[in-house]
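Chain by chain, the residues run as shown.
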Amino acid sequence: MKKLLREPLVHFLAVGVVLFVVAGLTRDPGSGRQARILVTDDDIARLSVAWQRQWRRPPSVDELANLVRSHLREEILYREAVALGLDQDDTIVRRRLVQKMEFLSEDMAVQTDPPDDAIADYFNANIEDFRVPPRVGFTHAYFSRDRRGEATDKDTRALVERLSGNVDPAAADDEGDRFMLQRSYAAKSEVEIGQLFGRAFATSIHGLEVGRWHGPIESGYGLHAVFVHSREESRLPALDDVRDEVRNELLTTRRREANRDLYERLRDKYVIEVEDSELAGQLPAQVLEALDEI
């Protein structure tokens, strides 16, 4: 029996029964006419595939039947909503339709993967966009103002003075207060450090001398004694090092250009007019001129 339930033919027969029952329920006995909803093999396959992606298994006969019932319910309610004009003057619907138009345009623009020569051309034309920023590696000891109060600055300075001349980043492993983030970081850019400690701390870190302890350095958390153990200068990468990034940027550019080109073609089909009203009369001249350039 279980083997039988797994047969695709049984699934389609079950769906056929559901469609027959729904057809009987939706027929208008007064008019003798019936609006037609065609459920195709593609519809059933799409519903089944969507289920399998979510649940990692094919739907059972009952589950597939329920999926078709839901599909029919959605289709019927959608048609009736459109017939009543409920899709009109709805900001959410408008935005969703605009989004779908943009997705359609983007999909057409990136149907094929860009060849190597196109990736290389894009990289060479925009090489500065892929420049690797300067990076520093550092270790720190944290001093909490909440815990130490007025002594925070003095305690931080005392540690820096005590470690003066010490070139071991691990020398302060047992110093300072407990900290929610890491004590040591490999090469990090100023942006990355700023996301962790704040912009002011990141700027200070990138200006420190390598191979010695510094402080106090202030962050959004408190004060720090900091040892900078490495610095990498900004550099231009080789294409092979950033090929995936270049490819993604090229595809993004193609999508953006496709949307712009689509809009320009569609824009030529329309004449933009502004209603002659008191409100329109209050619009600045540059706004009205901009309408002609949309």
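As shown above, the structure is provided for reference.
Residues numbered from 1 in each chain as written. Predicted model: local features only at pLDDT ≥ 70, side-chain atom pairs only at ≥ 80, totals over all residues. Heavy atoms only, no water.

1. Side note on the packing of helix 3 (residues 41-55) against helix 4 (residues 61-83)
Convention followed: Geometry is summarised by axes, namely lines fitted to C-alpha atoms with helices restricted to the contacting stretch, and by angles between N-to-C directions that run from 0 to 180 degrees. Put simply, DSSP marks the helices as runs of H or I at least four residues long and the strands as runs of E at least two long, and each gets a number from the N terminus on. Note: crossing handedness is left-handed where the near helix turns anticlockwise from the far helix by less than a right angle, and right-handed where it turns clockwise. Here, two residues are considered to be in contact whenever any of their heavy atoms come within 4.5 Å of each other. Under the convention adopted here, Pro, Cys and the residues Ala, Val, Leu, Ile, Met, Phe, Trp and Tyr are nonpolar, Asp, Glu, Lys and Arg are charged, and Gly plus all remaining residues are polar.
Packing of helix 3 against helix 4 brings their axes to within 10 Å, and their N-to-C directions diverge by 115°. Both helix 3 and helix 4 take part in a crossing whose hand is right-handed. Between helix 3 and helix 4, the contacting residues are Asp-43, Ile-44, Arg-46, Leu-47, Ser-48 and Trp-51 on the first element and Glu-63, Leu-64, Leu-67, Val-68 and His-71 on the second. Split by residue class, the contact of helix 3 with helix 4 holds six nonpolar, two polar and three charged.

2. Regarding the packing of aromatic side chains
Each pair of aromatic rings is reported with the distance of its centres and the angle of its planes. Inclusion rule: Any Phe, Tyr or Trp ring, taking Trp's six-membered ring, that has another such ring centre within 6.5 Å forms a pair; planes under 30 degrees apart are called stacked, those over 60 apart edge-to-face, and the others tilted. Classification of residues uses two cut-offs on accessible area relative to the type maximum, computed with a 1.4 Å probe and protein chains only: under 20% is buried, over 50% is exposed, and between them is partly exposed.
Evaluation of the coordinates by the stated rule reveals 12 aromatic pairs. Taken together, a centroid distance of 5.2 Å and an interplanar angle of 90° make the contact between Phe-179 and Tyr-221 edge-to-face. Placement of the pair is Phe-179 in the loop between helix 8 (152-162) and strand 2 (184-189) and Tyr-221 in the loop between strand 3 (213-218) and strand 4 (223-232), with a sequence separation of 42 residues. Taking the relative accessible area as the measure of exposure, Tyr-221 reaches 32% and is therefore partly exposed. What links up through ring pairs into an aromatic cluster is the set Phe-138, Tyr-142, Phe-179, Tyr-185, Phe-197, Phe-201 and Tyr-221.

3. Notes on the side chain of His-214
To keep it simple, the criterion reads: For this analysis, a polar contact is any N or O atom pair within 3.5 Å, provided that within protein one partner can donate a hydrogen and the other can accept it, and provided that sequence-adjacent residues contribute only side-chain to side-chain pairs.
Among the secondary structure elements, His-214 is positioned in strand 3. On the basis of relative accessible area, His-214 is assigned to the buried category, the value being 9%. Reaching out from His-214, the side chain makes a polar contact with the backbone oxygen of Glu-209 at a distance of 2.8 Å. Of the polar contacts made by the side chain of His-214, one reaches the backbone oxygen of Arg-212; its length is 3.5 Å. The contacts of His-214, once residues within four sequence positions are left out, are Val-160, Leu-208, Glu-209, His-224, Ala-225 and Val-226.

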